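Architecture at a glance
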Amino acid sequence: MDMLGKYKSCVAARSTSSEILKCSQDGGIVTGMFVYALEEGIIDGAIVAGPGDEPWKPQPMVATTPEEILAARGTRYNISPNMSVIKDAVRQYGLDKVGIVGTPCQIQALRKAQLYPVGLRNVTNKIALAMGIFCMENFSYQSMKQIVEDHCNVDLHSLKKTDIGKGKYWAYTNRGAVSQIPLKVTHKYEQPGCHVCLDYVANMADISTGSVGTPDGWSTVFVRSTNGDSIWKKAVEAGVFETKAIDGIKPGLELVTKLATEKITKNQKEVEHRATIGVGKGLRNPYI
Amino acid sequence: MSNKITLGHVHMSGCTGCCVSIADTFQGLFTLLDNYADLVYSLTLADVRHIPKMDVALVEGSVCLQDELSIEEIKETREKATVVVALGGCAAYGNITRFSRGGQWNQPQHESFVPISKLIDVDVYIPGCAPCPEVIRNVAVMAYLLLKGNDAQKKLATAYLSPLMALAKDGSRIESDSEACGCDIMLKVVNQGLCMGCGTCAASCPVFAISMEYGKPNIDREMCIKCGACYSSCPRSFFSFDVCGDYENILGAITAAMNPGGN
Ligand SMILES: Cc1cc2nc3c(=O)[nH]c(=O)nc-3n(C[C@H](O)[C@H](O)[C@H](O)COP(=O)(O)OP(=O)(O)OC[C@H]3O[C@@H](n4cnc5c(N)ncnc54)[C@H](O)[C@@H]3O)c2cc1C
Ligand code: SF4
Ligand code: SF4
Ligand code: SF4
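Residue numbers here run from 1 along each chain, matching the order of that chain's written sequence. Chains and ligands are labelled by the order in which they are written, letters from A for the one and numbers from 1 for the other. Given that this is a predicted model, residues contribute local features only at a pLDDT of at least 70 and side-chain atom pairs are listed and counted only at 80 or more, while totals for whole chains, interfaces and linings are drawn from all residues. The side-chain values count all of the structure's non-hydrogen atoms but skip hydrogen atoms and water molecules.

Attention now goes to the overall build of chain A. What counts as a helix is a DSSP run of H or I of at least four residues, what counts as a strand is a run of E of at least two, and both are numbered from the N terminus. Helix and strand counts for chain A stand at nine helices and 11 strands. Considered along the principal axes of its C-alpha atoms, chain A spans approximately 55 × 50 × 45 Å. Buried means the residue's accessible area, taken with a 1.4 Å probe over protein chains only, is under 20% of the maximum for its type, while exposed means over 50%, and partly exposed covers the values in between. Residue burial in chain A is summarised as follows: out of 288 residues, 57% are buried. Whether two residues are in contact is decided by their heavy atoms: any pair within 4.5 Å suffices. Across chain A, contacts joining residues at least 24 apart in sequence account for 66% of those joining residues at least 6 apart. Distance from the positive charge centre (34 side chains) to the negative charge centre (29 side chains) of chain A: 4 Å. Within this scheme the basic residues Lys and Arg register as positive and the acidic residues Asp and Glu register as negative, but His and the chain ends are omitted. Lys charges are placed at NZ, Arg charges at CZ, Asp charges at CG and Glu charges at CD.

Further remarks concern the packing of aromatic side chains. Two rings from Phe, Tyr or Trp (for Trp, the six-membered ring) form a pair when their centres sit within 6.5 Å of each other. Planes less than 30 degrees apart are called stacked, planes more than 60 degrees apart edge-to-face, and all others tilted. Using the criterion set out here, one finds 14 aromatic pairs over all chains in the structure. On the numbers, 6.3 Å between centres and 55° between planes, the contact of Y77 of chain A with Y169 of chain A is tilted. Of this pair, Y77 of chain A sits in the loop between helix 3 (66-71) and helix 4 (86-91) while Y169 of chain A sits in strand 7 (residues 168-173); the two residues are 92 residues apart in sequence, bridging distant segments of the chain. With 5.9 Å between their ring centres and 35° between their planes, Y141 of chain A and Y214 of chain B make a pair best called tilted. You can see Y141 of chain A sitting in helix 6 (residues 141-151) and its partner Y214 of chain B sitting in the loop between strand 8 (210-213) and strand 9 (216-219), one on each of two chains. The class of Y141 of chain A is buried, set by a relative accessible area of 4%. Here the guanidinium or amino end of K112 of chain A rests over the ring plane of F238 of chain B, the centre of that ring lying 3.4 Å away. For K244 of chain A, the ring lying beneath its charged end belongs to W218 of chain A, and the centroid distance is 4.4 Å. Our definition puts a charge over a ring when NZ of Lys or CZ of Arg is within 6 Å of the ring centre and also within 35 degrees of the ring normal.

Residue and element names in this part refer to chain A. The domain architecture assigned to chain A consists of domain 1 (9-136 + 199-275) and domain 2 (139-189). Domain 1 and domain 2 are separated by 23 Å when their C-alpha centres are compared. Taken together, the contacts link 11 residues of domain 1 with 14 residues of domain 2. Accessible area, probed at 1.4 Å, shrinks when two parts are joined; the buried area is that loss added up over both. At the boundary of domain 1 with domain 2, total buried surface from both sides reaches about 1100 Å², with 53% on carbon and sulfur atoms. Should a side-chain nitrogen of Lys or Arg be within 4 Å of a carboxyl oxygen of Asp or Glu, the pair is scored as a salt bridge. Counting every contact that joins domain 1 to domain 2 gives one salt bridge. Notably, a salt bridge pairs D216 with K166, separated by 4.0 Å at the nearest N-O pair. Under this grouping Gly is polar, as are all residues other than the nonpolar Ala, Val, Leu, Ile, Met, Phe, Trp, Tyr, Cys and Pro and the charged Asp, Glu, Lys and Arg. For the side of domain 1 that touches domain 2, a count of residues per class yields four nonpolar, four polar and three charged. Marked domain ranges trace back to an automatic or database domain assignment.

With that settled, consider the pattern of salt bridges. All names here are of chain B. Scanning the model with the defined rule gives 13 salt bridges over all chains in all. The partner of D38 in a salt bridge is K4, and the shortest N-O contact between them spans 3.1 Å. Here the residue D38 occupies a position in strand 2 (residues 37-42), and K4 occupies one in the segment before strand 1 (5-11), the gap between them amounting to 34 residues. Assessed through its relative accessible area of 14%, K4 is described here as buried. Across the salt bridge formed by E76 and K80, the nearest N and O atoms sit 2.9 Å from each other. With E76 and K80 both in helix 3 (residues 68-80) and four residues apart, the pair spans about one turn of that helix.

Right, here's the structure in full:
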């Protein structure tokens, strides 16, 4: 298994816009990229995790203005089915050049949809930029609520940010309090489907990014496809991002590789375990 | 071009929507016919009365058990075609014809409709209602590479087609447990602990029977027409890292194949 996937370049980067960085999760790579691509006409809209009808519940949305893209900044650690609006983006919003952000599994879904576009007539050829975000696991809304309200003792209405890092689950409140619990406690609440996931750094995205590997406020960025490469170069040239070579950065790619290997090895074992979970019977393996 | 494959469109009980989808590849159909395939049989598009020998038969529609000619023709299709493709939800899964109880004008006795795989072995499934022109195009190019390509192309085509062949193989089993409806998403993905909430199933449903509730598919079974699109598009129904990971090259190769002049 290829732990980090194919990529043309890897850098540490962050947005040069303080406005974007204000509410972004890490280096504002996703938001910075979409706003730039929208302004340059590379995309005419982007599928992002917009605000939902309950606190911290993301709602997939087709953003067509920089303001809407900015409003969707930051990670919500629960499921946002971004692929669910891909047909709407083309049919209802009339987009010809669609941007989409997604977890590795969502980017896998996108590539499968492009190769086997069953039921997505005239949609999949309109994908102009797929931004992937690293992902170790995700939670249902109810699981996230359980973690934040029950374990961290923070009301979702006063939650400012959640983060996973340094072996802990962090909940920051609007009034400046910080609550943290060992990540271990959250494991049982993970989405079951994540336990067979064999991708950590969105290997099939045009560009993928995450916090791991780089200092706080910065992001690790893999530039992967030919399309991603050409857009990334233009954006850096236009001064949208400041970048540093990943080689000199601590903890750098070593940590990314370590976490990717841990995730994929563990989940590969789970796929095998599932196959013999019963007595002479097992569960389905989706990977053929 | 002598190196072309021969292709036929066999019309069973379907609405001709699949046939329209074949034609709806814009100029794609002409490119296919110019370079890769001769259309040797098609009630709508070619003036040929009897099912000839052919490399690939694209079968549209389910089989009506009260229509003897249909039964004869589907059996003949199996005899004459090297590769039988169930094109679209009706041929593959029965689709909306599954709801028929007869009584309709002007053949009220036509009551029982089954997917073609209940009567013959089928090699490839293309689910969906109507099947997407792009997936028909991709399968057509891959079928050509499988039959006429070099070794590397054959390998790629096999890898690409094998999940669609596996769907056909499953459907062709007498005791197949495929519901071919939104239920498959529940039975084979969610119930198996595989769903991760991407929402592709919801986007793929032609009748909007699937909504995402708290990150998981919720299926309105009364709406579902049993086309099979949701399950086959779900990345957790089947997923090949070799094929999907090579998406850039494969999509590039398909585009190049459909654009032989290079413009
Ligand atoms: C469930 C989850 C798990 C993650 N795990 C890791 C990890 O283990 N290691 C790591 O380095 N990084 C992880 N990340 C990625 C990280 O949290 C940041 O999202 C990423 O670094 C992008 O930051 P940014 O500042 O560039 O993006 P921003 O500018 O803040 O934009 C983030 C974009 O992601 C979208 N988004 C937010 N939540 C979701 C969601 N639930 N599903 C889909 N899209 C969403 C937003 O709409 C926005 O467009 C995870 C993200 C998610 C959603
Ligand atoms: S761990 Fe995998 S399956 Fe789960 S949300 Fe992340 S990318 Fe998707
Ligand atoms: S739920 Fe929708 S996509 Fe799935 S089989 Fe039914 S009609 Fe087709
Ligand atoms: S397509 Fe995505 S949301 Fe739908 S069942 Fe499959 S994994 Fe779950």
